[in-house]
Amino acid sequence: MSAETDKDEQSGVATIRKEKLQTPRMYKVLMHNDDYTTMEFVILILQKYFNKNYTEAQAIMLEVHTRGFGVCGIYTYEVAESKASKVVKYARDNDHPLKCTIEPVE
């Protein structure tokens with residue numbers, strides 16, 4: 001019986017393990033209102049960094065202006081962080097105090 005068991009254990013049958021992959025946590029990129037950055041500049045940033053058309057960019061800009069902040073897009077952490085950093089750098093390079101942050105989607 002033990003010889004038969006050894007034979008079965010060494011039969012070379014491959015087993016496939018399927019690990020369940022988790023979807024990555026998503027983050028909102030938020031743009032915040034200030035009294036100095038022009039509406040046109042906000043629209044430009046939304047088109048340049050978030051691939052929004054003019055109508056979408058204008059709607060988000062108005063949300064930023066009226067609510068104090070607006071959602072530019074939802075991305076994985078790395079993408080959201082990169083976009084927020086690029087926006088802030090571009091704004092500073094153009095003498096605008098625009099604030100752009102990220103927060104987890106709940």
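Here the structure is a predicted model, which means the values were calculated and not measured.

J.: Could you clarify how one ought to interpret helix H4 (residues 77-93) in this entry?
T.: One turn of the α-helix equals 3.6 residues, which is why residues spaced by three or four share an orientation. Compared with an ideal rise of 1.5 Å per residue, which puts 17 residues at 24 Å, H4 spans 24 Å between its outermost C-alpha atoms and is within 8% of the ideal. The complete set of buried residues in H4 reads Ala80, Lys83, Ala84, Val87 and Ala91. Buried residues in H4, looked at end-on, bunch into an arc of 95°, giving them a common side. Turned more than 90 degrees away from the buried face of H4, the exposed residues are Glu78, Lys89 and Asp93. In this fold, the buried residues of H4 make contact with strand E1 (26-32), helix H2 (39-50), strand E2 (69-76) and strand E3 (99-104).

J.: Looking at this structure, I do not really get unusual backbone geometry. What am I missing?
T.: Negative phi values dominate among residues other than glycine, just as trans dominates among peptide bonds. Despite not being glycine, Asn51 has its phi angle at roughly 55°, a positive value. The residue Asn51 is located in the loop between H2 and helix H3 (54-67) in this model. Even without being glycine, Asp95 reaches a positive phi, approximately 60°. Following the sequence through the fold, Asp95 ends up in the loop between H4 and E3.

J.: Just to check I follow, could you spell out the nonpolar core for this structure?
T.: Nonpolar side chains in soluble globular proteins tend to end up buried together. Core analysis: the biggest nonpolar cluster contains 22 residues, and Val29, Met31, Ile45, Leu46, Phe50, Val87 and Leu98 have the highest contact counts within it. Elements with a minimum of two residues in this core: E1, H2, H3, E2 and H4. Among the elements that make up this core, the one with the highest residue count is H2 (7 residues). Discounting chain neighbours no more than four positions away, the residues touching Phe50 are Val29, Ile45, Cys72, Tyr75, Lys83 and Val87.

What counts as what
Residues numbered from 1 in each chain as written. Predicted model: local features only at pLDDT ≥ 70, side-chain atom pairs only at ≥ 80, totals over all residues. Heavy atoms only, no water. Helix = DSSP H or I, 4+ residues; strand = E, 2+ residues; numbered from the N terminus. Expected span 1.5 Å × (residues − 1). Buried < 20%, exposed > 50% of the residue type's maximum accessible area, 1.4 Å probe, protein only. Arc of directions from axis to C-beta. Contact = heavy atoms within 4.5 Å. Core = buried A, V, L, I, M, F, W, Y, C linked by side-chain atoms within 4.5 Å.

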